[in-house]
Every structure is written in C-alpha cells, then in structure tokens.
Amino acid sequence: MEIITYMDNRKVNFSAQTKIARKLEGSRKRQNHKRFGFPSKAINAYRYGASPFSLALQESSAAFVEKSHDVSKAILWYLTHRLFRILLLVLMAAMGVGLTLGLRNLSGYLASIARPVDLPFLPAQELEILDSAMSRFAFMSENEVDANGNILIDGKEISLAEISFSQPVTFQNYTVKSGDTISGITYKFGLTNISTLIAVNDIGNVRQLRSGQKLKIPSMDGLLYTVTANDTLEGLSTRYKVTVEDILDVNDLDSATLNKGQQLFIPGAKMDATSLQKAMGELFIWPLSGGYRISSRFGPRLDPFTGVPSSHTGIDLAITQGTPIKAAMSGKIAVVGYTNVYGNYVIIDHENGYQTLYAHMQKPAPVKKGQRVAQGTKIGLVGNTGYSTGPHLHFTVYKNGKLIDPETVLKR
C-alpha cells in the first residue's frame, strides 16, 4: 500500500509499515477473541482506552436491567389484575352471604307471622297475662267497659237521661288506625256503648278489627233496625225502651206510618248480652284452666292413628289427666254417655242454637241428663278413653246442628 502525505511535500511509501500494522492488528484480534469473545468491541475498547471486560459487564448489566424492568412490569400487571379479581370475588361472596342471611331472616319473620305460635308449656300465670294482652284488642282496660258494653267514666256508667235524642242522627266515616280499639273509638266519638259501632258496622268479631278498615260512626248511641211486616212505632218503643217521639225526631219522620224494609235508627238501643259476647269473642269460656295446649285444631288433619287425611270436628286440648273440665257456657245437659270414639262424653245444649261436646273424659261425668249448669261448672275430668292417643279433652261446638270452629266463639 502506498500512502501519500503532504506534511513536507514529499511522497512517502508506507508499504512496509502498513504490513506490520496489519499483522499486529490481526494478532490482537485473535488474542481478544480468545480472551473475551468480542473481537470488534475489544479492539474499539482497546483503541479508546476502555477495558473489554468493563464493556461486556456494562452491556450485560444494561440487558439485565432492561429485562428486569420488563419482568417487573409483567409481575405488576399480573398482581394488579389478579388482586382485582380476588377483591371482586370477595365482594361477590360477601354480597351472597349478606343476601342469604337477609332472606333467611325474612323467611323467619314471615314464618313467625304466618303460622300459629306454639305455646306448649306456659304456666297459668303467663296464660293469664297473655289473655289480658289479647283482650286489649277489644277493650281499653277491664275497668272501662262493663259486661253490657257500656263505657265507664270513673267506674260509673253514663246515664241515658243525660243524652238528648232530639236531633236527627248523622253519620261520618272513620279509618281504623294501628292501636285502635273498639272501646277507644267509641269513647273518641262521644258514644257510650261499644255495641253501637259493632251493630251499625255489622262487626262479627271485634278481634278481627284491622288497621285501614272503614267504619261508619253515628252521632249518637243506638242500633239500625229494618222494619218488618206489622211493625209499629209503639211496638218498637216498648221493645227498645225509647219514646216514640225520640224515634220520630232521630229519624226525621213526619209520619208514624212504617213501611216494610224501611231502615230506622233506634236511639239508645243496645245489643243483647249474648250477641255482644259473641261479637266480642267471649260467648264461651275455655273448658280448661292452667297449662293446656292445643294439640290439634279444627279442620283438615292427618288421622293420628292411620295417617289418612281426615277432618277434625273440634279442638284437642292436651293437659294432665284428671284436670277438671268446665262448662264453656251455661245450659242444660243433653247427653251423658260413652262411645268407642269419644269414650266418656257430655253434650250441653245452650241458648241460640249452640251445643258443646266434651269427650275422652276419665270416668262417667258427675252430671245427669236434664240438669242445668252454669258457665264454669265442673262437669268431668280429663281422661284418655275412647279413640285417643293420650290424656286430652276433645271440645266441639255446634251452631244450629252444624260444626263450627270453637276458637271463633271462645273467649281469648
């Protein structure tokens, strides 16, 4: 090779020096390649004064850092998405548990209000407290209404002589609110007897009075009466102990002539005691006292021996054998006998078409056919005779020869 330089305007031939340089360069390449495996980079490093080992270490470190950064990003991405999934699953699980518990509580609540509460072993004192609480559905308190339905003020009945019947009767509507009682509503509107609201609104059982129910409230005490054939004002006056003038004034009548089907308001009139007791759910008392329980109610059930569907004609009251049985209402003993089904039993005939049956007595009853008994009179002892699975009283109520549910007429 021939190199020209013009430093001193002379042409110089460096062929020999060039050959020596190439030889030395080849030797260094082989040495660097053998030592580091990076010939070109080693030469550059040698040329610029950097150690080939240092350069290799730098490049390796840079590659490692770059790869580590990529790995860290991948790990962070994975953990972020994985953690989000875990949190989402935990949240869904928590919501599922909460919903399950909520439905279970709701189910328990609905079950508790949708079916009868079983009170199998209550002592007599607690039953009396429960009975007192139930009576508040009808009365403000025991001392504020007497047996005839009269509201009492300071323990005394308001005299009808203090009330004027000279103005025509008027009516207004009232919506029953939560906590209302028949006696409370009566007192609120200035009436003196609960039978007025019961009769005017044709309430069959005051214990079925419900919030939201509409009532018609008259401006005075009395009863609605539908005129029948041959009715006269004089006859109605005598029957309900009210003057003819009061009937005329209250009904705003100009004539004493009555028409069949005509509706009159009889001021001051009251329901008879039996009808009032029936409306109050107190027509009959329970035939047992103490810690009895209702082991079987009226209506469809499975036969206790065969398991076959059947219809129960009364209610079964389970209690210790030998417990006294009381007449649920005054009346006359109609039958004293024994059958394979009822064992020793008694039937009492009451007023207004009612009859009661008391079955599975321990031994023949101490009463006789035709004997009159008062409400609460002992008529026998609880037993296990006849078609029976254990000591209990089977109690049945008939109305005009047809079976009815005893719990609809028993005092609560």
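My aim in this report is to walk through the structure given alongside it, one point at a time. Please read these numbers as outputs of a predicted model, since none were measured by experiment. Counting starts from 1 at the beginning of each chain's written sequence and moves along it residue by residue. Only residues with pLDDT of at least 70 get local features here, since the model is predicted, and only at 80 or more are side-chain atom pairs given and counted; chain-wide, interface and lining totals rely on the full set of residues. Hydrogens and water molecules were not included; the side-chain quantities draw on all heavy atoms of the structure.

## Focus on the overall build of the protein
Short version of the rule: Numbering of helices and strands runs from the N terminus; a helix is a DSSP stretch of H or I covering at least four residues, while a strand is a stretch of E covering at least two. Burial here depends on accessible area, computed with a 1.4 Å probe over protein chains only, as a share of the maximum for the residue type. Under 20% is buried, over 50% is exposed, and the range in between is partly exposed. Two residues qualify as a contact provided that any one of their heavy atoms is within 4.5 Å of a heavy atom in the partner residue. Accessible areas in this description were obtained via Shrake-Rupley with a 1.4 Å probe; residue shielding takes into account the shown protein chains only.
Counting its regular elements, the protein contains 9 helices and 18 strands. Within the protein, buried positions represent 32% of all 412 residues. Of the contacts made within the protein by residues no fewer than 6 positions apart, 64% connect residues no fewer than 24 positions apart. Surface summary for the protein: the accessible area is close to 25,700 Å², and the carbon and sulfur share equals 56%.

## Digging into the pattern of salt bridges
Selection rule: Every case where a carboxyl oxygen of Asp or Glu lies within 4 Å of a side-chain nitrogen of Lys or Arg is listed as a salt bridge.
Tallied over the entire structure, the rule returns 2 salt bridges. Arg239 serves as the salt-bridge partner of Asp231, at 4.0 Å between the closest nitrogen and oxygen. According to the relative accessible area criterion, Asp231 is buried, its value standing at 14%. Judged by relative accessible area, Arg239 falls into the partly exposed class, the value being 47%. The closest approach of N and O atoms between Glu407 and Arg297, which form a salt bridge, is 3.0 Å. A residue pair is termed long-range when its members are at least 10 positions apart, and Glu407 in the segment after β18 (402–404) and Arg297 in the loop between β7 (293–296) and β8 (299–302) qualify at 110 residues.

## Section: the side chain of Asn251
Cut-off, in case you're wondering: Nitrogen and oxygen atoms within 3.5 Å of one another constitute a polar contact, given that in protein one can donate a hydrogen and the other can accept it, and given that sequence-neighbouring residues count only through two side-chain atoms.
Mapped onto the fold, Asn251 is located in the loop between α8 (244–250) and β6 (263–267). Within the structure, the side chain of Asn251 is placed 2.8 Å from the backbone oxygen of Ile247, a separation counted as a polar contact. In this structure Asn251 touches Gln263, Leu264 and Phe265, once residues within four positions along its chain are discounted.

## With respect to the pairing of strand β14 (residues 354–361)
For clarity, the cut-off: Strand pairing follows a simple DSSP-based rule, namely that at least 2 bridges must link the two strands.
Burial within β14 is extensive, with 7 of its 8 residues counted as buried. Pairing analysis gives 5 bridges linking strand β13 (residues 343–349) to β14, with the strands arranged antiparallel. Paired with Asp349 across the bridge in β14 is Gln355.

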